[in-house]
Amino acid sequence: MIEIIEGSLPDALQVLGKLPEFDPLLSTEHYLERVKNKQQLTLLAKVNGELAGCKVAYDRDNDGMLYSWLGGVAPQHRKKGLARRMADYQESWALKNGYRGIRFKTLNRHKAMLTFAINNGFQISQVKPKDELENYRITLIKHLL
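The structure presented is a predicted model; accordingly, all values stated were derived computationally and were not measured.

Criteria and cut-off values
Residues numbered from 1 in each chain as written. Predicted model: local features only at pLDDT ≥ 70, side-chain atom pairs only at ≥ 80, totals over all residues. Heavy atoms only, no water. Phe/Tyr/Trp six-rings, centres within 6.5 Å; stacked < 30°, edge-to-face > 60°. Helix = DSSP H or I, 4+ residues; strand = E, 2+ residues; numbered from the N terminus. Buried < 20%, exposed > 50% of the residue type's maximum accessible area, 1.4 Å probe, protein only. Polar contact = N/O pair within 3.5 Å; in protein donor to acceptor, adjacent residues only side chain to side chain. Contact = heavy atoms within 4.5 Å. Core = buried A, V, L, I, M, F, W, Y, C linked by side-chain atoms within 4.5 Å. Pairing = 2+ DSSP bridges. Axes fitted to C-alpha atoms, helices over the stretch in contact; angles between N-to-C directions.

Draft legend 1. Here's a closer look at the packing of aromatic side chains. This structure, assessed with the given rule, holds 5 aromatic pairs. An angle of 45° between the planes, with centres 5.7 Å apart, marks the rings of Tyr-31 and Trp-69 as tilted. A residue pair is termed long-range when its members are at least 10 positions apart, and Tyr-31 in helix H2 (residues 28–35) and Trp-69 in strand E4 (residues 65–73) qualify at 38 residues. By relative accessible area, Tyr-31 is classed as buried at 7%. For Trp-69, a relative accessible area of 12% corresponds to the buried category.

Draft legend 2. Summary view of the side chain of Asn-135. Here Asn-135 shows up in the loop between strand E6 (123–128) and strand E7 (137–143). Looking at Asn-135, its side chain comes within polar contact range of the side chain of Asp-131, at 3.0 Å. Those residues within four positions of Asn-135 in sequence are excluded, and the remaining contacts are Leu-107, Arg-109 and Lys-130.

Draft legend 3. How the structure looks around the environment of Gly-81. Mapped onto the fold, Gly-81 is located in the loop between E4 and helix H3 (82–96). Here the alpha-carbon distance between Gly-81 and Gln-123, two residues 42 residues apart in the chain, equals 21 Å.

Draft legend 4. Geometry of the nonpolar core. In terms of nonpolar packing, the biggest core is built from 22 residues, with Leu-66, Leu-82, Met-86, Ala-94, Ile-102, Phe-122 and Leu-140 touching the most fellow members. Looking at this core, the elements that each hand over two or more residues are strand E2 (40–47), strand E3 (50–58), E4, H3, strand E5 (101–107), helix H4 (111–119) and E7. Ignoring anything within four residues of it in the chain, the contact list for Leu-82 reads Ile-2, Ile-4, Ala-45, Val-47, Ala-52, Val-73 and His-77. By size, the runner-up hydrophobic cluster in this structure holds 17 residues, among which are Ala-12, Val-56, Trp-69 and Ala-74.

Draft legend 5. Geometry of unusual backbone geometry. Note the cis peptide between Asp-23 and Pro-24, where omega equals 5°. Position of Pro-24 relative to the elements: it lies in the loop between helix H1 (9–16) and H2. With a phi angle near 65°, Asn-37 is a residue other than glycine that sits in the positive phi range. Its location among the elements puts Asn-37 in the loop between H2 and E2.

Draft legend 6. Summary view of the sheet that holds E6. On the basis of which strands lie adjacent, the open sheet formed by 7 strands has the order E1-E2-E3-E4-E5-E7-E6 and mixed pairing. The open sheet has two free edges, formed respectively by strand E1 (2–6) and E6, since each of these has just one partner strand. The average undirected angle you get between the axes of adjacent strands in this sheet is 25°. Where E2 meets E3, 8 bridges bridge the pair, whose relative direction is antiparallel. Bridged to Leu-41 within E3 is Ala-57. Relative to the sheet, H2 contacts E2, E3 and E4, its axis offset from that of E4 by approximately 155°. Sheet strands in contact with H3 are E1, E2, E3, E4, E5 and E7, and its direction is about 150° off that of E2.

Draft legend 7. Broad picture of the pairing of E2. The buried fraction of E2 is high, at 6 of 8 residues. Summarising the sheet, E1 and E2 pair through 5 bridges and their orientation is antiparallel. Within E2, the position partnered with Ile-4 by the bridge is Ala-45. The antiparallel hairpin formed by E2 and E3 contains 2 residues in its connecting segment, where Asn-48 sits at a positive phi of about 50°.

So, in structure tokens, the structure goes:
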């Protein structure tokens, strides 16, 4: 059984600790400080009661765009539609809370994330070169209104 629920940032960090893309994680305090005093949404995906994915977003720039900051699905639970279900929930929540769009950043090496985003209506709005081509930072935006 798959559930998408609102949860806590420490729970999301438990999930991120299982993902090879997030090795190593910074301290819990670092993450908590970043969202302190900001409207935020932390989603957790559970498969048969086990934490399997997460998505953390917050009002980073106070510009009407929700910043989708952290997220992922544990390798053994990928290809089950968890990312799609969390993205749908996040978009619905963003609209209900007055956001006109969602923004996030990723790296060029995260091909699955880029493909998922483009297939789900996001557009590339900025590419910022970094040392190696695979480390270029890509900003994507999806307008909701």
